[in-house]
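Coordinate inspection notes
For reference, the chains in residue letters:
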Amino acid sequence: MSTVTLGALAAHFGRDVERGVSKAVGIVEAAVRDGVGLLVFPDATLGGYLGDLRNPDPDELPPALDPDGPELAALIAAAGDTTVCIGYTEADGDRHYNTAVCVSGDGILGTHRKVHQPAGESLAYAAGDEFRSFDTPVGRVGMLIDYDKTFPESARTLALDGARIIAALSAWPASVTDRAARLPADRQSRLFDLYDCARAAENQVFVVSSNQTGVMGSLRFLGQAKVVGPGGDILATTRSKGGLASATVDVDAEIDRARRVLSHLAELRPDSYRTASSEAVTSPAGTPRAGPVADLS
């Protein structure tokens, strides 16, 4: 493959699954016509996200969908040669997962269940337990779901598994404790951009970062979809508005150029990335507890 157009969507999607599927299919069809190679939708596109992060209302949770159901089938039918990443609540028996799925006209290419859970999200979703990359028509891709990208180990694991592109799907709101009057001034706005750029630069990969816009319950989403190059530079962004941020790039050539002199993955020293004690890990309250040793290999 030479050049490919990478697209990150900022848009609002609510509880109405049928309407969400129809809207998503229309966006996919437009992307196919425009020659977009990779289209990344927000987290929770189909069915919406939680309305309250601290105390989710059990009667207002997103509807859980069967991965083999008609909703994803409609997107697969529309995708053709375009690779599409989209978020939804996955039903797996009695458990529900905050899930990202990657599809093309050939079917499901990869799935990621959100691992890291902020605040009260564990009251609504079970947690995933792994990060894996997978092959797609646009190259090897890995996926993260919003809070996952806060943790460097998440993207690093995908990069070490060969990902050249990381699709970061988000339903990332403004601060729930200290909200700014203007979204661009909100501290979560700054962190959202910082994590996208840092994850790209430290792994020398492309990050295609989507996000919800609008309001769901008490949450106001930031937008700020973007495409970030392997040097951490923002190539295209929607800022706080809805829209599609797209950039046409030669993925392999740009990554090879970024790694020509300083190749971060090749120069890792995993034996050095350990805590001083093999027995203690500091808890959030600051008290030592037993736990595994951090190993970034």
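Read on for a plain summary of the structure. (Residues numbered from 1 in each chain as written. Predicted model: local features only at pLDDT ≥ 70, side-chain atom pairs only at ≥ 80, totals over all residues. Heavy atoms only, no water.)

This part takes up the pattern of salt bridges. Going through the model one piece at a time under the given rule, you end up with 14 salt bridges. Between D92 and R113 there is a salt bridge, with the nearest N and O atoms lying 3.0 Å from each other. Highlighted residues: D92 in strand β3 (residues 83–92) and R113 in strand β5 (residues 107–113), separated in sequence by 21 residues. Taking the relative accessible area as the measure of exposure, D92 reaches 37% and is therefore partly exposed. (Salt bridge = Lys/Arg side-chain N within 4 Å of Asp/Glu carboxyl O. Helix = DSSP H or I, 4+ residues; strand = E, 2+ residues; numbered from the N terminus. Buried < 20%, exposed > 50% of the residue type's maximum accessible area, 1.4 Å probe, protein only.)

Moving on to unusual backbone geometry. Positive phi is not limited to glycine here, since Q204 has a value of about 55°. Tracing the backbone shows Q204 in the loop between α4 (187–203) and β9 (206–209). Judged by relative accessible area, which is 3%, Q204 ranks as buried. Of note in this structure, R239 is not a glycine but carries a positive phi near 55°. Within the secondary structure, R239 is located in the loop between β14 (234–237) and β15 (243–249).

Before going further, it helps to examine helix α3 (residues 152–160). Of the residues making up α3, those classed as buried are S154, A155, R156, L158 and A159. Those residues of α3 that are buried are in contact with β7 (139–145), β8 (165–169) and α4. The first or second residue beyond α3 is G162, which carries a positive phi of 95°. (Contact = heavy atoms within 4.5 Å.)

A separate point is the state of the cysteines. By the definition in use, this model includes zero disulfides. Between C102, a free cysteine, and C85, which holds the nearest cysteine sulfur, the sulfur-to-sulfur gap is 3.6 Å. The exposure class of C102 is buried, given its relative accessible area of 0%. Here C197 is not cross-linked by a disulfide; its sulfur's nearest cysteine counterpart is in C85, at 19 Å. (Disulfide = S-S within 2.5 Å.)

For the pair α3 and α4, interaxial distance at closest approach is 10 Å and the crossing angle is 40°. Classed by the angle they form, the pair α3 and α4 counts as oblique. When you trace α3 past α4, the crossing you get is right-handed. Contacts between α3 and α4 involve P152, A155, R156 and A159 from the first element and R199, E202 and N203 from the second. Residues of the contact of α3 with α4, tallied by class, amount to three nonpolar, one polar and three charged. (Axes fitted to C-alpha atoms, helices over the stretch in contact; angles between N-to-C directions. Parallel < 35°, antiparallel > 145°, perpendicular 65-115°, else oblique. Left-handed = near helix turned anticlockwise from the far one by under 90°. Nonpolar A, V, L, I, M, F, W, Y, C, P; charged D, E, K, R; others polar.)

Bringing the packing of helix α1 (residues 17–33) against helix α2 (residues 70–79) into the picture now. The angle between the axes and the distance between the axes are what describe a pair of packed helices. Across the interface, α1 lies against α2 with an axial gap of 9 Å and an inter-helix angle of 15°. As far as their axial angle goes, α2 and α1 are roughly parallel. In this structure, the crossing between α1 and α2 has a hand that is right-handed. Across from V17, V21, A24, V25, V28, E29 and V32 in α1, the residues of α2 making contact are E71, A74, L75, A78 and A79. For the contact of α1 with α2, a count of residues per class yields 10 nonpolar, no polar and two charged.

Here we come to the side chain of R199. Take R199: it is sitting in helix α4. A polar contact is formed between the side chain of R199 and the backbone oxygen of K149, at a distance of 2.8 Å. In contact with R199, other than residues within four places in its own chain, are K149, T150, F151, P152, A155, V205 and V207. (Polar contact = N/O pair within 3.5 Å; in protein donor to acceptor, adjacent residues only side chain to side chain.)

A separate point is α2. Where α2 is concerned, the buried positions are E71, L72, L75, I76, A78 and A79. End-on, the buried residues of α2 take up no more than an arc of 165°, which puts them together on one face. Among the exposed residues of α2, those pointing more than 90 degrees away from its buried face are P70 and A77. Buried residues along α2 sit in contact with α1, β3, β4 (95–104) and β5. Positioned one or two residues after α2, G80 has a phi angle of 60°, which is positive. (Arc of directions from axis to C-beta.)

Tracing the backbone shows S189 in helix α4. Once residues within four sequence positions are removed from consideration, S189 is found in contact with L183, P184, L222 and Q224.

Turning our eyes to something else, we now look at the environment of F192. Topologically, F192 is positioned in helix α4. In this structure F192 comes out as buried when scored by relative accessible area, which is 0%. Separated by 22 residues in sequence, F192 and S170 place their C-alpha atoms 9.6 Å apart. Apart from residues lying up to four places away in sequence, F192 is in contact with K149, S170, W172, S209, S210, N211, L222, G223, Q224 and K226.

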